[in-house]
Amino acid sequence: MKFKMNRVSQTVVAGLLLGGASFAAQAEITLIKQDPQPYDLLSRLDFKVGGSIRPQVVNTMGNSDKGSYKNNGYDGGTRFRFSADYFLFDDIHWISYYELGVNIPAVFDWDQHYAKGAHDTTRRQLYTGFKSKTYGTLTYGQQNSIYYDVVGAKTDVWDDDMLAQAPGNGINGDYDGSYRSRKMLKYKYAAGPVDLYAAYLFSDDDLLESNNLAYKRKGGGSVGANWHINDTLTWGTAYNYTSAEVKNRAAGGSKDYDQSILGTALSWTPGNWTLSAGGGWYHNFLTTKINNDQDYFAGNAYGVEYYAGYNIPIKQYAIKSIQPYFMGDHLKYVSGRDYQRTDNGVGIAMKLDYGFQVDFEHMITNSTDNIGDLNLVRLYYNF
């Protein structure tokens, strides 16, 4: 049965959920600590749990979203993670990781606080493999793409972000190889100050995008490098290729697409500063918004993102630190669609005791489709 919640009720429920959680340790929790002992198999296991609860409100200026689930308050990306590390021999470890996204309003059926048709839970990541200081790390399953690890993550540092980078802007980051890629074999090797990456994308199931269209990933691969220039400066570059097919299930036709994304990004953290910038070129990756297999993907587009924040330590009145920041992005279609958008904004992140954090952002948008400026407030509880 569905029921509505007014803003007072939302606050009370959020407080109960987060307050109840505050009795847990305010860091990733080690349930089993690895301490290998002869003839004791369990002593080889390290098992940790953690997560982040994220109630959020987004208000688009001009009341264009009045009454929407985002304006009413919704889940901004709550997730729970479980990681296991089992020591085998020498420096070889068997590792596994599971990250579950939970849409709390959908779980409790809070009417008008989640998108229509939204899932209660989502598998964000699930992979297993082996790691070694000598030979590197090899994993298989659904996991962060190479492109996200070395490029996207550097500017995925504010709340209303990822509006111009490849992960999150294609048909679906779980399928096209750009974000949390399904059925991916991934290898990472540390060659001195440079982390080298390679991955193979296996064929995936059809992704139904409409009543008559389906997206099929036939295969693909990625390469990347992350250069730790010094303790505060990192430069990453990555390339991803995906062979895909868009099927017209109604008419029986289809079209093959060679999709590719190439990007680079820098992250610099001198003193209390956090500075990052990145950009990418996207070929047959962004959609034209035309519901047709022959014209589904735009030819070329590019995007850039940038961020500058300064952390001010407080360490009193239950406030750990305050970080004001400036952020922005620009996305432009070069061919296939007449569209562009530019976002610039300011925000402030306040870290509190016991794992809490409050963010506020104001974003000014200039876009072809006249997207309104917005205000965002997000409450974190991290453990």
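Every value quoted in this text rests on a predicted model; they were computed, and no experiment measured them.

This next bit is on the overall build of the protein. Across its full length, the protein carries four helices and 21 strands. By principal-axis analysis of the C-alpha atoms, the protein measures approximately 65 × 50 × 50 Å. Out of the 383 residues belonging to the protein, those deemed buried represent 45%. Excluding contacts between residues fewer than 6 apart, the proportion of contacts in the protein whose partners are at least 24 apart in sequence is 57%. When the accessible area of the protein is evaluated, it comes to approximately 19100 Å², of which 58% is carbon and sulfur surface.

Before going further, it helps to examine the UniProt feature "domain: Autotransporter" (unreviewed entry) in the protein. In the UniProt entry, the feature "domain: Autotransporter" (unreviewed entry) is given for residues 216-341. Taken end to end, residues 216-341 has its terminal C-alpha atoms 28 Å apart, with 0% of it in helix and 70% in strand.

Of note, the phi angle at K289 is positive, near 70°, even though the residue is not glycine. In this fold, K289 is placed in the loop between β15 (273-283) and β16 (300-310). A positive phi is found at Y354, a non-glycine position, where the angle reads about 65°. If you trace the backbone, Y354 turns up in the loop between β19 (340-352) and β20 (356-367).

Locating H113 in the fold gives a position in the loop between α3 (104-107) and β7 (121-132). A polar atom in the side chain of H113 sits 3.5 Å from the backbone oxygen of N72.

Moving on to the nonpolar core. Counting 21 residues, the largest nonpolar core has Y147, Y282 and L286 as its most contacted members. Of all the secondary structure elements, the ones that give two or more residues to this core are α4 (146-155), β10 (194-201), β14 (254-268) and β18 (319-333). At four residues, α4 tops the list of elements feeding residues into this core. Excluding anything up to four places from it in sequence, L286 contacts N169, G170, Y296, F297, A298, A301, L331 and Y333.

Counted according to the given criterion, the structure contains 21 aromatic pairs. Seen from their ring centres, W281 and Y302 are 6.5 Å apart, and the 5° between their planes marks the pair as stacked. A residue pair is termed long-range when its members are at least 10 positions apart, and W281 in strand β15 and Y302 in strand β16 qualify at 21 residues. Judged by relative accessible area, W281 falls into the partly exposed class, the value being 38%. Connected via pairs of aromatic rings, a cluster forms that spans F80, F356, Y381 and F383. The aromatic ring of Y333 is capped on one face by R337, whose charged end is 5.3 Å from the ring centroid.

This brings us to α4. Counting buried positions over the 10 residues of α4 gives eight, a clear majority of the element. All buried positions along α4 are accounted for by I146, Y147, Y148, V150, V151, G152, K154 and T155.

Residues L138, Y140, L185, Y200 and F202 make up a contiguous nonpolar surface patch of about 440 Å² in total accessible area. For F202, the location among the structural elements is in the loop between β10 and β11 (207-208).

With that settled, consider empty space enclosed by the protein. Here the structure, examined in full by the defined rule, presents one cavity of 30 Å³ or more. By volume, the largest cavity is sized at about 50 Å³. Along its surface, the largest cavity is lined by 13 residues, and T155, Q165, G278, G279 and E305 are the ones closest to its centre. Of the residues that constitute the lining of the largest cavity, the class distribution is five nonpolar, seven polar and one charged.

All right, on to the pairing of β18 then. Residues in a regular strand point their side chains to alternate faces of the sheet. Among the 15 residues that make up β18, 11 are buried, leaving the element largely enclosed by the rest of the structure. Strand direction decides the pairing type here: strand β17 (residues 312-316) and β18, joined by three bridges, are antiparallel. Bridged to P313 within β18 is S321. Connecting β17 to the next strand, β18, in antiparallel fashion are two residues, including Y317 with a positive phi near 55°. Pairing between β18 and β19: 13 bridges, direction antiparallel. Counterpart to K332 in the pairing with β19 is Q340. Joining the antiparallel neighbours β18 and β19 is a turn of six residues, in which G336 adopts a positive phi near 95°.

What follows covers the pairing of β20. Examined bridge by bridge, β19 and β20 share 11 bridges and lie antiparallel to one another. Residue pairing across strands places T342 opposite N366, the latter belonging to β20. Between β19 and the antiparallel strand that follows it, β20, lie three residues; Y354 among them carries a positive phi value of about 65°.

Tracing the backbone shows L42 in the loop between β1 (29-32) and β2 (45-53). According to the relative accessible area criterion, L42 is exposed, its value standing at 52%. For the pair L42 and A115, spaced 73 residues apart in the sequence, the C-alpha separation amounts to 43 Å.

Before going further, it helps to spend a moment on the pattern of salt bridges. Enumeration according to the criterion identifies 13 salt bridges in this entry. Here K183 makes a salt bridge to D204, at a shortest N to O gap of 3.5 Å. Of this pair, K183 sits in strand β9 (residues 180-191) while D204 sits in the loop between β10 and β11, and the two are 21 residues apart along the sequence. On the basis of relative accessible area, K183 is assigned to the partly exposed category, the value being 27%. Its relative accessible area of 1% is what places D204 among the buried residues. Put simply, D343 and R341 hold a salt bridge, and the shortest N to O gap is 2.9 Å. Within this structure, R182, K183, D204 and D205 form a network of salt bridges that share partners.

Rules behind the numbers
Residues numbered from 1 in each chain as written. Predicted model: local features only at pLDDT ≥ 70, side-chain atom pairs only at ≥ 80, totals over all residues. Heavy atoms only, no water. Helix = DSSP H or I, 4+ residues; strand = E, 2+ residues; numbered from the N terminus. Buried < 20%, exposed > 50% of the residue type's maximum accessible area, 1.4 Å probe, protein only. Contact = heavy atoms within 4.5 Å. Areas by Shrake-Rupley, 256 points an atom, 1.4 Å probe, with all protein chains shown as cover. UniProt positions renumbered as here; feature names shortened; annotations may be inferred. Polar contact = N/O pair within 3.5 Å; in protein donor to acceptor, adjacent residues only side chain to side chain. Core = buried A, V, L, I, M, F, W, Y, C linked by side-chain atoms within 4.5 Å. Phe/Tyr/Trp six-rings, centres within 6.5 Å; stacked < 30°, edge-to-face > 60°. Lys NZ or Arg CZ within 6 Å of the ring centre and 35° of its normal. Patch = residues over 30% accessible without salt bridge, like charges linked within 9 Å, V, L, I, M, F, W, Y side chains within 5 Å. Salt bridge = Lys/Arg side-chain N within 4 Å of Asp/Glu carboxyl O. 1 Å grid on protein atoms, 1.4 Å probe; cavity = no way out; pocket = protein on both sides within 12 Å on 5 of 7 lines; lining within 4 Å. Points joined across faces, edges and corners; volume = space filled by probe spheres on them. Nonpolar A, V, L, I, M, F, W, Y, C, P; charged D, E, K, R; others polar. Pairing = 2+ DSSP bridges.

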